[in-house]
Amino acid sequence: MSRRSRSRTRSVRTMLDYKAAKFGRCFHRIGRLEPTSQVCSVCGVKDGHKPLGIRVRECGACGAYLDRDINTAANVAQAAGPVVSACGARVRPGPVPAQREETGTHPKPQPVTTGRQAGDSAP
């Protein structure tokens, strides 16, 4: 990993830590080599590497049908362990109203024209 990408990764982690603390949430990292998409979230058997094109698969051990993304999310939550349940926050909180300065669009003021349009000649 290059120095630049390590710096970017560090700044993203720092921002996530800051945002989590600001909004009363927990941010927990798991190991980057954790095989989250290779392990069955139902029985825990590691089925090995699968190409990214395979989005749904059947576990060879328990027969469960696993969507790659949902299975990975379940394994990440399981790897985070008691840290996730200790936070007590819902994963997807209800809608939060936008701050007043963020609501709607704010077009730039347009100049007021009087009588004649630009380019019109006087009669």
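Up top is the structure.
Residues numbered from 1 in each chain as written. Predicted model: local features only at pLDDT ≥ 70, side-chain atom pairs only at ≥ 80, totals over all residues. Heavy atoms only, no water.

**With respect to the overall build of the protein chain**
Step number 1: When helices and strands are counted, the protein chain shows 3 helices and 2 strands.
Step number 2: Along the protein chain, helices and strands appear, N-terminal first, in the series α-β-β-α-α.
Step number 3: Taken across its 123 residues, the protein chain has 11% of its residues classed as buried.
Step number 4: Partitioning the contacts of the protein chain with sequence separation of at least 6, the portion at a separation of at least 24 is 35%.
Step number 5: Element-wise, carbon and sulfur atoms account for 56% of the exposed surface of the protein chain, whose accessible area totals about 10500 Å². (Helix = DSSP H or I, 4+ residues; strand = E, 2+ residues; numbered from the N terminus. Buried < 20%, exposed > 50% of the residue type's maximum accessible area, 1.4 Å probe, protein only. Contact = heavy atoms within 4.5 Å. Areas by Shrake-Rupley, 256 points an atom, 1.4 Å probe, with all protein chains shown as cover.)

**Quick notes on helix α2 (residues 68-80)**
One turn of the α-helix equals 3.6 residues, which is why residues spaced by three or four share an orientation.
Step number 1: For α2, which comprises 13 residues, the first-to-last C-alpha distance of 18 Å matches the rise-based estimate of 18 Å (1.5 Å per residue) to within 8%.
Step number 2: If you check which residues of α2 are buried, you get Arg68, Asn71, Asn75 and Ala80.
Step number 3: Sitting at the head of α2, Asp67 places a side-chain oxygen 3.0 Å from the backbone nitrogen of Asp69.
Step number 4: Gly81 occupies a position one or two residues after α2 and carries a positive phi of about 60 degrees. (Expected span 1.5 Å × (residues − 1). Polar contact = N/O pair within 3.5 Å; in protein donor to acceptor, adjacent residues only side chain to side chain.)

**A short note on the side chain of Arg68**
Step number 1: One can find Arg68 in helix α2.
Step number 2: For Arg68, the residues in contact, after removing those within four places along its chain, are Ser37, Lys50, Pro51, Leu52, Ile54 and Arg55.

**A word on the pattern of salt bridges**
Pairing is possible between side chains that carry opposite charge, provided their charged atoms lie close to one another.
Step number 1: Throughout the structure, instances matching the rule amount to 3 salt bridges.
Step number 2: Across the pair Asp47 and Lys50 runs a salt bridge, and its minimum N-O distance is 3.4 Å.
Step number 3: Close ionic contact of Arg57 with Asp47 constitutes a salt bridge, the shortest N to O distance being 3.1 Å. Taken as a pair, Arg57 in strand β1 (residues 56-58) and Asp47 in the loop between α1 (3-22) and β1 lie far apart in primary sequence, 10 residues in all.
Step number 4: For Asp47, a relative accessible area of 31% gives the class partly exposed.
Step number 5: One continuous salt-bridge network, built from bridges that share partners, spans Asp47, Lys50 and Arg57. (Salt bridge = Lys/Arg side-chain N within 4 Å of Asp/Glu carboxyl O.)

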